Amino acid sequence: ERTLKGKERTLGAAHPDTLLTMNNLAVVLLEQGEHAEARDRFSQVLQSFEQALGAAHPHTLLTLTNRGEAQRRMGEAAAAEADLRRALAGLQAALGGRHQRTLYAVATLSLVLVQQGRAEEAAAGYAAALQGEPLGPQPAVTTKAIGQLSQLLRERGDGEAAARLRERFGCE
């Protein structure tokens, strides 16, 4: 909070660095289980990013992905899916299909689909995204999402797909 206040004072509330700090604080809320509060903050940051940088900017799309994750955790599957599909399309266009942010969106969308009983669709989306090697090491949030998807695949009886997924991304 102090960092955010300082950035608001020195850079302004609409500066991209300030908005990224706001996004990161919302991630902390999300990880603390404050899903509704995190979703609401992501929505505020998303609106500000759209005004400052445009709807297709990677920062905007990351925030959209994060809001989708908050919605997923709250059981708002339709809203989560809509946000994640929009974010995924934008990230693929802006960063390519192998970028860590794109793969995080794929992983999160796949979790939504599996939770809705659409595991085959989730697996097909993942297979398409996994063509070629991922670019660079994956951040903890992506490996966490991959781990969650792997667990869901195992629970649905597809241990082989789960093992391939975890091996591909170096998740233990």
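Given the structure is predicted, the values throughout are model-derived calculations rather than measurements.

Caption draft 1: Summary view of the nonpolar core. With 20 residues, the main nonpolar core has L84, L88, L109, V114, L149 and L153 as its most contacted residues. Those elements giving two or more residues to this core turn out to be α5 (77–95), α6 (100–115), α7 (119–129), α8 (140–155) and α9 (159–169). The element best represented in this core is α6, accounting for 7 residues. Of all hydrophobic cores here, the second largest spans 7 residues; its members include L4, L20, M22 and V45.

Caption draft 2: Quick look at the environment of D40. Note that D40 resides in helix α3 (residues 35–53). Judged by its relative accessible area of 36%, D40 is partly exposed. In this structure the C-alpha to C-alpha distance between D40 and A26, which are 14 residues apart in sequence, comes to 8.6 Å.

Caption draft 3: Structural view of the packing of α3 against helix α4 (residues 58–73). At their nearest, the axes of α3 and α4 sit 9 Å apart, and the two run at 160 degrees to each other. Classified by the angle between their axes, α3 and α4 sit roughly antiparallel to one another. Note on packing geometry: the crossing formed by α3 with α4 is left-handed. Contacts from H35, R39, F42, S43, V45, L46, F49, E50 and L53 of α3 reach α4 at H59, T60, T63, L64, N66, R67, A70, Q71 and R73. Looking at the contact of α3 with α4 residue by residue, the class counts come to 7 nonpolar, 7 polar and 4 charged.

Reading the values: the criteria
Residues numbered from 1 in each chain as written. Predicted model: local features only at pLDDT ≥ 70, side-chain atom pairs only at ≥ 80, totals over all residues. Heavy atoms only, no water. Core = buried A, V, L, I, M, F, W, Y, C linked by side-chain atoms within 4.5 Å. Buried < 20%, exposed > 50% of the residue type's maximum accessible area, 1.4 Å probe, protein only. Helix = DSSP H or I, 4+ residues; strand = E, 2+ residues; numbered from the N terminus. Axes fitted to C-alpha atoms, helices over the stretch in contact; angles between N-to-C directions. Parallel < 35°, antiparallel > 145°, perpendicular 65-115°, else oblique. Left-handed = near helix turned anticlockwise from the far one by under 90°. Contact = heavy atoms within 4.5 Å. Nonpolar A, V, L, I, M, F, W, Y, C, P; charged D, E, K, R; others polar.

Limitation: the analysis is restricted to geometry and does not speak to function.
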